[in-house]
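So the chains spell out like this:
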Amino acid sequence: MVTIMPFDPKKFIAGSLEDIKKTIRDKKAITAVSGGVDSFVAATLANKAVPGQLIVVYVDNGLMRKDETAKVKKAAESVGMDLNVVDARKRFLDALAGATDPEKKRKIIGELFVRIFEEEAKKAKGKGVDFLIQGTIAPDWIESGGLGRDTIKSHHNVGGLPEKMDLKLCEPLRELYKHEVRMVGRELGLPEPIFNRQPFPGPALAVRIVGEVSEEKVKIVQEACDIVETEMDAASLSGRMEKPWQYFAALLPSKTVGVRGDERAYQYTIVVRAVRSLDGMTASFSYIPHETLEKISTRITNEIRSVGRVVYDITNKPPGTIEME
Ligand code: XMP
């Protein structure tokens, strides 16, 4: 009989702080928070393990959720984390121009992130920044393939990394699954809205825009994601539905025909996605009340004038994945 030991976040934190100290020693490290729970927990651990030796950056890649930069700044302040905000909006959009293949998009994003981290590490006073601390978790490297596994998708922080990097990696959450990361976040005393935040992919809204990314499309997805989050949060708070594990909107590359007023319209399609999951490795689509779906659809088509159709994704993982790309 196999006995599965329950995960003990206290023990994990004690071991992890020791491991980080042993790895970084007297060197300096850089880490980035993305607005997702993994990077925030990794940065908080590193901040405890090697305070004074850590540079925390938040790269605004122009692909973040609506008002995300302000939220991340506030969250960092709440745990006393000194955050360096890097405005790289134009660089990411320029680098992604013309790219339509999902794996190519992921690699462009993964590489640009690392180049920016290297630049920030060089700019840092005293130099000597040797390590990049990342919030990589188990599903990220499992899905990125290698060691006999097929590549499902190159997570930006694993398969999306460039071959040549000046920085050495330190990944304290590498063996954990999302629910365990949340337990660590809670134990570290992070505010509930942070450790219980729904997951957000490192490549951000780029993987929620099927095909080529443009500023116009980013704006559409930002607004649509905001509407989905607001309406599903309200419906779950009032007990009308179970809060999904992850819930968002994505934009399809094709337009469809509709009517606006009395005129023919040819407009974008938004996909609403909401899933139940434990660790993101498998997922099933959430059962959403029709009234909530209707409210979301009406708000999206009224408030985003370039969207003429809204569909709900009823695919489980497998065979789908949670994100569109
Ligand atoms: P998929 O789409 O593979 O996603 O079913 C599983 C979970 O991982 C998130 N995700 C990512 N997270 N870097 C990340 O840090 C990535 O490149 C990435 N791709 C997907 C996704 O949002 C879901 O929670």
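Above this text sits the structure in question.
This section reports on the structure supplied with the text. Not measured: the values here are computed from a predicted model.

**Comments concerning the site of the ligand**
Step number 1: Taken together, 17 residues lie near the ligand, and R106, E143, K153, K317 and E323 sit nearest.
Step number 2: For the ligand, an oxygen atom lies 2.7 Å from a polar atom in the side chain of R106.
Step number 3: With respect to the ligand, the side chain of Q246 contributes an N or O atom lying 2.8 Å from an oxygen atom.
Step number 4: About the coverage of the ligand: the protein hides 93% of its 490 Å² of free accessible area.
Step number 5: Two domains share the shell around the ligand, each providing at least three of its residues, namely domain 1 (9-195) and domain 2 (209-312).

**Let's talk about the pairing of strand 4 (residues 129-133)**
Step number 1: Summarising burial for strand 4: 4 of the 5 residues are buried, a large majority.
Step number 2: Two strands pair when backbone bridges link them, and strand 1 (residues 28-32) and strand 4 are joined in this way by 4 bridges, in the parallel orientation. Bridging from a neighbouring strand, K28 pairs with V129 of strand 4.
Step number 3: Pairing analysis gives 3 bridges linking strand 4 to strand 5 (residues 168-170), with the strands arranged parallel. Within strand 5, the position partnered with L132 by the bridge is L169.

**Section: unusual backbone geometry**
Step number 1: Cis rather than trans, the peptide bond between K317 and P318 has omega equal to -10°.
Step number 2: Geometrically, the link from P318 to P319 is a cis peptide bond, its omega value of 10° lying close to zero.
Step number 3: Along the chain, P319 turns up in the segment after strand 9 (307-312).
Step number 4: One non-glycine residue, R25, lies in the positive phi region at around 45°.
Step number 5: For R25, the position within the fold is in the loop between helix 1 (9-24) and strand 1.
Step number 6: Unlike most non-glycine residues, A204 shows phi in positive territory, near 55°.
Step number 7: Residue placement: A204 occurs in the loop between helix 8 (192-195) and helix 9 (215-237).

Parameters at a glance
- Residues numbered from 1 in each chain as written.
- Predicted model: local features only at pLDDT ≥ 70, side-chain atom pairs only at ≥ 80, totals over all residues.
- Heavy atoms only, no water.
- Near = heavy atom within 4 Å.
- Polar contact = N/O pair within 3.5 Å; in protein donor to acceptor, adjacent residues only side chain to side chain.
- Areas by Shrake-Rupley, 256 points an atom, 1.4 Å probe, with all protein chains shown as cover.
- Domains from an automatic or database assignment.
- Buried < 20%, exposed > 50% of the residue type's maximum accessible area, 1.4 Å probe, protein only.
- Helix = DSSP H or I, 4+ residues; strand = E, 2+ residues; numbered from the N terminus.
- Pairing = 2+ DSSP bridges.

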